[in-house]
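Examination of the molecular architecture
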Amino acid sequence: MARAFLFVLDSFGIGGAPDAQAYGDLGANTLGHIAEQCAGGLADRPGLRQGPLSLPHMQSLGLAEAALAATGNLPAGWARVARPRGIHGAASEVSRGKDTPSGHWEITGQPVMFDWGYFPDEGPAFGEDLVAAIMAKGNVPGILGNCHASGTEIIASLGAEHMRTGKPICYTSSDSVFQIAAHEESFGLQRLLDLCQTVRKLVDPLNIGRVIARPFVGSAEKGFDRTGNRRDFSVPPPGPTLLDQVKASGRRVFGVGKISDIFAHQGVTDMRKASGNAALFEATLKATQDAADGDLVFTNFVDFDMLYGHRRDVAGYAAALEAFDAMLPRFAKMLKPGDLVLMTADHGCDPTWRGTDHTRERVPVLGFGPGVAARDIGIRTSYADIGATLGRHLGLPEGASGKSFL
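Let me sum up the structure you'll find in this document. (Residues numbered from 1 in each chain as written. Predicted model: local features only at pLDDT ≥ 70, side-chain atom pairs only at ≥ 80, totals over all residues. Heavy atoms only, no water.)

1. Description of the packing of aromatic side chains
Evaluation of the coordinates by the stated rule reveals 14 aromatic pairs. With a centroid separation of 5.3 Å and 75° between ring planes, the pair formed by Phe5 and Phe331 is classed as edge-to-face. Linking Phe5 in strand β1 (residues 4–9) with Phe331 in helix α12 (residues 314–332), this pair joins segments that are 326 residues apart in sequence. Take Phe5 and Phe331: they sit in the same class, and that class is buried. Their ring planes at 85° and their centres at 5.3 Å tell us that Phe216 and Phe224 sit as a pair that is edge-to-face. Pair check on accessibility: Phe216 and Phe224 agree, each one buried. Pairwise contacts between aromatic rings join Phe5, Phe7, Phe301, Phe304, Tyr317, Phe324, Phe331 and Phe368 into one cluster. Sitting over the ring of Phe187, Arg191 keeps its end group 4.1 Å from the ring centre. (Phe/Tyr/Trp six-rings, centres within 6.5 Å; stacked < 30°, edge-to-face > 60°. Helix = DSSP H or I, 4+ residues; strand = E, 2+ residues; numbered from the N terminus. Buried < 20%, exposed > 50% of the residue type's maximum accessible area, 1.4 Å probe, protein only. Lys NZ or Arg CZ within 6 Å of the ring centre and 35° of its normal.)

2. Quick notes on helix α7 (residues 184–203)
For α7, built from 20 residues, the straight-helix expectation of 28 Å at 1.5 Å per residue is missed by more than 12%, its first-to-last C-alpha distance being only 24 Å. Largest kink in α7: about 55°, centred on Arg191. For α7, the full list of buried residues reads Glu184, Phe187, Gly188, Leu192, Leu193, Leu195, Cys196, Val199, Arg200, Leu202 and Val203. On its buried side, α7 packs onto α5 (128–138), α6 (151–165), β5 (177–183), β6 (210–219) and β8 (231–234). (Expected span 1.5 Å × (residues − 1). Bend = angle between axes of the 7 residues up to and from the residue. Contact = heavy atoms within 4.5 Å.)

3. Section: the pairing of β1
Among the six residues of β1, six are classified as buried, and the element is accordingly described as predominantly covered. Of the pairings in the sheet, the one linking β1 to strand β12 (residues 340–344) comprises five bridges and is parallel in character. Its bridge partner being in β12, Ala4 is matched across the sheet by Leu340. Pairing between β1 and strand β11 (residues 296–301): six bridges, direction parallel. Bridge pairing in β11 places Phe7 opposite Thr299. (Pairing = 2+ DSSP bridges.)

4. Some thoughts on the pattern of salt bridges
Considering all chains together, one arrives at 21 salt bridges under this definition. Here Asp339 and Arg3 are joined by a salt bridge, their closest N and O atoms 2.7 Å apart. Of this pair, Asp339 sits in the loop between α12 and β12 while Arg3 is found in the segment before β1, placing the two residues 336 residues apart along the sequence. Overall, Asp339 belongs to the buried group, its relative accessible area being 1%. Between Arg49 and Glu322 there is a salt bridge, with the nearest N and O atoms lying 3.0 Å from each other. Placement of the pair is Arg49 in the loop between α1 (30–39) and α2 (56–61) and Glu322 in helix α12, with a sequence separation of 273 residues. Each member of the pair, Arg49 as well as Glu322, is classed as buried. (Salt bridge = Lys/Arg side-chain N within 4 Å of Asp/Glu carboxyl O.)

Structure, rendered in structure tokens:
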């Protein structure tokens, strides 16, 4: 019995979603627009990167072919590979949201076919009754923000007032999310986590997907920085996922990064926390060493989305992709005969697009492993095919959604 590895490059969309227009994202293409900017010399940054986007290992697996299938166009400056050496294709999302939980749950066999609750774009994001309940049950003197905002920007503008007043910074986005930022020292990390658990219960009737703790440190004089102690308080998936199936079979599920939070701690047997793509990669290597036959290692590489997509940092996103690509050979050397690796994304976050939110896009599906035959899997009609394939690989019963492409 072999092992399975699932890597989600958070927000690494490749354009072409058939329903993009319904989400205001017609033309969004994370990979395509990054490659275009790099080819035009617009993503050069001294000391960071320069030149065309270069992802030789993912390109050798068939990333260019996946992008071509998704949109009908090759990324700027790229050519097709004569003989891709991996499984390659694209997948469309059927879930109604373009958020992190919806993407991950669909990948693992549970598409989100209901509507999330969202907070209004205009005026106060959170109603008076909700704010009053947060103050009373959370024991805070009030809240700051109460709007749609970029996390780094709102912390920069309200961090000093938060430290002075003790009021947490509360904000949302186009996702179904309630985010709370607070200073780890002046407010307290555990107090922030406790407040998030309180708010989680308060927003359950509103069908809000996640409450996210966004701790930060620093000062107004020296600037504020978010820490690696982020915590997501999610509602559980609507039904059993691939993770639950693996766990129920008596095998281990290694959840690296924020995987456990995304799945409300369901189905994960071994939680491995790390902050930043490089640290997440090292934690993945350690999980690979510890994983036995039949186990699943599931990693979310969050920097692409959190640090670069939402901040509309094209050069940073490109450099992060190139750094990730350069790390892949180290991981590949640790694989055993029969292992299967699938790499994909949960949504897009085109750093050239308007606003700061996720974008509705198709995602790449790239697979490899010792003895895994290269093939073109075309466009899959649901992310759920990814989880179905890994389930088939591990010899698990067929799930409720998705078709294996093995």
